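Residue strings, one per chain:
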Amino acid sequence: MTRPSTRATTALLAALASTACGQAVIRSGAPAGNVAKNHDARWRDGFLLGTVEAADPEPLSSICPGGWSEIRVSASFPAALLDWATLGIYTPTNVTIVCAAPSGVYIGAPSEVPLAPLCR
C-alpha cells in the first residue's frame, strides 16, 4: 500500500507530464509585413481556461490600419506556469499581431522563408 504523499507526488508528476504548450496561428491570406508596434508576444489576460477575456480586445483596424496578415497566440513558460498553478482559473497568453505588407511589397513574417518563384 502506498502512502498518501507518494500518491500525491505521483498525481503531481502525471499532471505536469500531461501539460503541453502549443501555438495557434490565424492567417488572413494577406502578405505578411512587420509585427505591429507593441504587439510582439504581448501578454493577454484570460480566465477559465481562456474562455473569458479580462478586457475587450483592441480593434485590429487600429493596430494595423492597412490590414492584418497573421495573429499568433501562444503561452510562454511563465504564462503556462500561472495557468497550471491556478488550475486554469487565470489563463494568460502571449499574442503577436503581424500587419499586412503594403500593396506590392512582400516583407515576410518573422522566421518565414519565402518560396522560390515557380517561373524564372
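This text follows the structure it describes.
Let me sum up the structure you'll find in this document. Quick caveat, the model's predicted, so the values are computed rather than measured. Position numbers for residues start from 1 in each chain and track the written sequence from start to end. This being a predicted model, a pLDDT of at least 70 is required before a residue's local features are given, and a value of 80 or more before pairs of side-chain atoms are given or counted; all residues contribute to the totals for chains, interfaces and linings. In computing side-chain values, all of the structure's heavy atoms are included and hydrogens and water are not.

Description of the overall build of the protein
For step 1, the next point in the chain: When you go through the protein residue by residue, the secondary structure sums to three helices and seven strands.
For step 2, the next point in the chain: Counting helices and strands in the order they occur from the N terminus, the protein gives α-β-β-β-β-β-α-β-α-β.
For step 3, the next point in the chain: When burial is assessed residue by residue, the protein has 22% of its 120 residues classed as buried.
For step 4, the next point in the chain: Note on contacts: a residue pair qualifies if any of its non-hydrogen atoms lie within 4.5 Å across the two residues. When contacts within the protein are restricted to residue pairs at least 6 apart in sequence, long-range pairs at least 24 apart make up 79% of them.
For step 5, the next point in the chain: When the accessible surface of the protein is totalled, it reaches about 8600 Å², and 64% of it is carbon and sulfur. Numbering of helices and strands runs from the N terminus, with a helix taken as a DSSP run of H or I at least four residues long and a strand as a DSSP run of E at least two residues long. Relative accessibility thresholds used throughout: buried, under 20% of the residue-type maximum; exposed, over 50%; partly exposed, between the two (1.4 Å probe, protein chains only). The accessible surface values rely on the Shrake-Rupley method and a 1.4 Å probe; as for residues, cover is taken only from the protein chains in view.

Quick notes on the pattern of salt bridges
For step 1, the next point in the chain: The salt bridge definition used is simple: a Lys or Arg side-chain nitrogen within 4 Å of an Asp or Glu carboxyl oxygen. Summed over all chains, the structure comprises four salt bridges.
For step 2, the next point in the chain: Within the structure, one salt-bridge network assembled from shared partners comprises R27, E70 and R72.

Here we look at the side chain of H39
For step 1, the next point in the chain: Inspection of the secondary structure assignment puts H39 in the loop between β2 (32–35) and β3 (42–44).
For step 2, the next point in the chain: Polar contact criterion, stated in full: a pair of N or O atoms within 3.5 Å, where within protein one must be able to donate a hydrogen and the other to accept it, and residues adjacent in sequence count only if both atoms are side-chain atoms. In this structure the side chain of H39 is engaged in a polar contact, spanning 2.6 Å, whose partner is the side chain of R42.

Digging into the packing of aromatic side chains
How two aromatic rings sit relative to each other is set out by the distance from centre to centre and by the angle between their planes.
For step 1, the next point in the chain: Geometry of aromatic contacts follows a simple scheme: Phe, Tyr and Trp rings, the Trp one being its six-membered ring, pair when their centres are within 6.5 Å, and the pair is stacked under 30 degrees between planes, edge-to-face over 60, tilted otherwise. This structure, assessed with the given rule, holds one aromatic pair.
For step 2, the next point in the chain: Consider the rings of F47 and Y90, whose centres lie 5.7 Å apart with planes at 50°: the pair is tilted. Here Y90 lies in the loop between α3 (77–85) and β7 (93–100) and F47 lies in strand β4 (residues 46–47), a separation of 43 residues in the sequence.
For step 3, the next point in the chain: A relative accessible area of 19% places Y90 in the buried class.

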